[in-house]
Amino acid sequence: TQLLEQSPQFLSIQEGENLTVYCNSSSVFSSLQWYRQEPGEGPVLLVTVVTGGEVKKLKRLTFQFGDARKDSSLHITAAQTGDTGLYLCAGAGDSNYQLIWGAGTKLIIKP
Amino acid sequence: DTGVSQNPRHKITKRGQNVTFRCDPISEHNRLYWYRQTLGQGPEFLTYFQNEAQLEKSRLLSDRFSAERPKGSFSTLEIQRTEQGDSAMYLCASSVGNSRDEQYFGPGTRLTVT
């Protein structure tokens with residue numbers, strides 16, 4: 001059974017600080033996606049990483065896929081209150097239909 | 001195209017009643033997924049369709065749950081004889097169906113069973 005573990009589960013920091021969220025597994029994924037979800041809404045796809053070692057940037061967000069394609073990280077520089085939300089990672093694994101989901105990191109950015 | 005839509009957004013029902021939710025996917029997407037999500041958790045897979053065929057159903061899914069996707073367009077999820085434990089956010093997502101399987105979610109239906 002493939003599992004994705006996210007850490008930390010909860011993070012509360014001041015606006016302007018930097019942070020990193022991790023998504024780890026013992027399994028290899030063909031691709032990994034990061035989503036952000038706000039209360040009462042569905043997850044919104046932020047990025048997909050496919051190649052081991054790949055780094056993608058989305059404004060102040062930097063996503064990295066591990067060399068072995070078993071883990072990923074999301075780094076936010078100079079966090080803003082608008083970054084508040086639940087960050088979810090999901091990996092495309094053995095099956096061709098079912099994403100393996102992490103439990104999420106709840107991020108709160110305080111003004 | 002405005003993305004995935006779901007109706008209703010909120011549903012309050014009494015225990016024992018039946019409820020039905022609707023999902024309209026992005027029109028070019030041939031895959032459609034249903035998930036359930038409880039507070040602070042990631043989405044839990046319920047079932048998925050490739051066009052009109054329901055190809056997989058979670059083993060965790062009770063017989064009270066049924067989903068359809070007639071004509072491969074919109075989908076409905078019905079819960080019969082609702083229980084308080086069914087209270088959750090029900091999410092629908094659609095995808096093109098390639099190897100990356102990037103899924104696009106609707107806003108969800110929040111179900112409260114009293």
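What comes next concerns the included structure.

What counts and what doesn't
Residues numbered from 1 in each chain as written. Chains lettered and ligands numbered in written order. Predicted model: local features only at pLDDT ≥ 70, side-chain atom pairs only at ≥ 80, totals over all residues. Heavy atoms only, no water. Helix = DSSP H or I, 4+ residues; strand = E, 2+ residues; numbered from the N terminus. Rg over C-alpha atoms; globule rule 2.2 N^0.38 Å. Contact = heavy atoms within 4.5 Å. Lys, Arg positive; Asp, Glu negative; His and termini not counted. Charge placed at Lys NZ, Arg CZ, Asp CG, Glu CD. Disulfide = S-S within 2.5 Å. Buried < 20%, exposed > 50% of the residue type's maximum accessible area, 1.4 Å probe, protein only. Pairing = 2+ DSSP bridges. Axes fitted to C-alpha atoms, helices over the stretch in contact; angles between N-to-C directions. Phe/Tyr/Trp six-rings, centres within 6.5 Å; stacked < 30°, edge-to-face > 60°. Salt bridge = Lys/Arg side-chain N within 4 Å of Asp/Glu carboxyl O. Nonpolar A, V, L, I, M, F, W, Y, C, P; charged D, E, K, R; others polar.

Focus: the overall build of chain B
For chain B, the helix and strand inventory stands at 0 helices and 11 strands. The helix and strand sequence of chain B, counted from the amino end, reads β-β-β-β-β-β-β-β-β-β-β. A globule of 114 residues ought to have a C-alpha radius of gyration of about 13 Å, and chain B, at 13 Å, matches this closely. Across chain B, contacts joining residues at least 24 apart in sequence account for 54% of those joining residues at least 6 apart. Here chain B carries 15 positive and 13 negative side-chain charges, and the mean point of each set is 6 Å from the other.

A word on the state of the cysteines
Taken as a whole and judged by the stated rule, the model has 2 disulfides over all chains. A disulfide bridge connects Cys-23 of chain A with Cys-89 of chain A, and the sulfur atoms are separated by 2.0 Å. Negative torsions about the S-S bond denote left-handed disulfides, and the value of about 80 degrees found for Cys-23 of chain A with Cys-89 of chain A makes this one right-handed. In this pair, Cys-23 of chain A sits in strand β3 (residues 19-24) while Cys-89 of chain A sits in strand β9 (residues 85-92), placing the two residues 66 residues apart along the sequence. Per residue, the accessibility class of Cys-23 of chain A equals that of Cys-89 of chain A, and both read buried. Between the sulfur atoms of Cys-23 of chain B and its disulfide partner Cys-92 of chain B the distance amounts to 1.8 Å. Disulfide Cys-23 of chain B-Cys-92 of chain B: the torsion about the S-S bond is -65 degrees, which places it as left-handed.

Some words on the sheet that holds strand β6 (residues 55-58) of chain A
Residue and element names in this part refer to chain A. Spatially, the 5 strands line up as an open sheet ordered β1-β3-β8-β7-β6, and their pairing is antiparallel. Either end of the sheet is taken by a strand with one partner, and the two such strands are β1 (5-7) and β6. Taken pair by pair, the neighbouring strands of this sheet meet at an average axis angle of 15 degrees, ignoring direction. As paired elements, β3 and strand β8 (residues 71-76) share 6 bridges and run antiparallel to each other. Within β8, the residue paired with Cys-23 across the bridge is Ser-72.

Notes on the packing of aromatic side chains
We describe a pair of aromatic rings using the distance from one ring centre to the other and the angle between the two ring planes. Under the definition given, this model contains 11 aromatic pairs over all chains. When the ring of Tyr-35 of chain A is compared with that of Phe-105 of chain B, the centres are 5.7 Å apart and the planes differ by 90 degrees; the resulting orientation is edge-to-face. With one member in each of two chains, Tyr-35 of chain A in strand β4 (residues 31-37) and Phe-105 of chain B in strand β10 (residues 104-105) form a pair that bridges those chains. For the pair shown, Tyr-35 of chain A and Phe-105 of chain B are each scored as buried. Centre to centre, the rings of Tyr-33 of chain B and Tyr-48 of chain B are 5.4 Å apart; their planes meet at 20 degrees, and the pair counts as stacked. With Tyr-33 of chain B in strand β4 (residues 31-37) and Tyr-48 of chain B in strand β5 (residues 44-50), this residue pair connects regions lying 15 residues apart in the sequence.

A closer look at the interface of chain A and chain B
At the interface, 22 residues of chain A touch 23 residues of chain B. Where Arg-9 of chain B meets Glu-41 of chain A, a salt bridge forms, and the shortest distance between an N and an O atom there is 3.4 Å. Listed by contribution, the elements that provide at least two residues to the side of chain A that touches chain B are β4, β5 (44-49), β9 and β10 (99-101) of chain A. With 4 residues, β4 of chain A is the largest single contributor of residues to the side of chain A that touches chain B. A per-class count over the side of chain A that touches chain B returns 11 nonpolar, 10 polar and 1 charged.

Function-wise, these values are silent; they only describe arrangement.
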